[in-house]
Amino acid sequence: MNPKRPVEYWIDRWDRMQEFYLPDRKARFETLLSLVRARNPEPRTLLDLGCGTGSIMLECLQLFPAARVVGVDYDPALLSLAKERLKAYPSRVEFFQVDMRQKDWIK
C-alpha cells in the first residue's frame, strides 16, 4: 500500500475493482440484506466472511442500527482498510484475521 495515498483512495480503488468483476454488486448487496431482513428484521450480530474492505459490513451497520458486525478476512491490508472505513462504529464492529482454508479456523 502506498502510504502517500489516503485510505479512501485505496478503499475506492478496491470497490471499483470489485464492481468490474461483479457488475451488479450493489444489487447483490441489496438482495443479500433483504434476505437477512426477511429472516430477522433486527439481527443482533452479523458475520461477514471474507469482509475485504468492509463494504457489506458498512451496509449492515447502516441498515441494522442495533446490530454488531464481525468481519473475517485473511488479508491484513484489506482488514486495515475495513477498520479505517468503519472507525465511526467502534463499539459495533470486530475484526479477525483468519485463514479459512485451515480446518481449525473457528476457535
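Residues numbered from 1 in each chain as written. Predicted model: local features only at pLDDT ≥ 70, side-chain atom pairs only at ≥ 80, totals over all residues. Heavy atoms only, no water.

J.: Explain the state of the cysteines to me, and be specific about the residues and the numbers.
T.: Here, disulfide denotes a covalent bond that connects the sulfur atoms of two cysteines. Inspection of every chain in the model, using the stated rule, returns zero disulfides. Take cysteine 51: it sits in no disulfide, and the sulfur closest to it among the cysteines is that of cysteine 60, at 11 Å. Using a relative accessible area of 7% as the deciding quantity, one classes cysteine 60 as buried. (Disulfide = S-S within 2.5 Å. Buried < 20%, exposed > 50% of the residue type's maximum accessible area, 1.4 Å probe, protein only.)

J.: So what's going on with the pattern of salt bridges? Which residues, and what values?
T.: The tally for this structure, following the rule as stated, stands at four salt bridges. A salt bridge links glutamate 84 to lysine 87; the shortest N-O distance between them is 2.6 Å. Look at lysine 87 and you get exposed, because its relative accessible area is 56%. (Salt bridge = Lys/Arg side-chain N within 4 Å of Asp/Glu carboxyl O.)

J.: Go over the packing of aromatic side chains, please, and point to the residues and values.
T.: Inspection of every chain in the model, using the stated rule, returns zero aromatic pairs. One Lys or Arg, arginine 101, reaches over the ring of tyrosine 74 and ends 5.2 Å from the middle of that ring. (Phe/Tyr/Trp six-rings, centres within 6.5 Å; stacked < 30°, edge-to-face > 60°. Lys NZ or Arg CZ within 6 Å of the ring centre and 35° of its normal.)

J.: Go over the nonpolar core, please, and point to the residues and values.
T.: Leu46, Met57, Leu61, Val69, Leu86, Val93 and Phe95 are the most contacted members of the largest nonpolar core, which totals 15 residues. When contributions to this core are tallied by element, the ones reaching two or more residues are helix H3 (55–63), helix H4 (76–85) and strand E3 (93–97). For this core, the leading source of residues is H3, giving three residues. (Core = buried A, V, L, I, M, F, W, Y, C linked by side-chain atoms within 4.5 Å. Helix = DSSP H or I, 4+ residues; strand = E, 2+ residues; numbered from the N terminus.)

J.: Please set out the confidence of the model for the protein chain residue by residue, giving values where relevant.
T.: Here the protein chain averages 88 in pLDDT, while 93% of its residues score no lower than 70. Within the protein chain, helix H1 (residues 7–21) has the poorest average pLDDT of any element, 76, and strand E2 (residues 68–73) the best, 97. (pLDDT = per-residue confidence, 0-100.)

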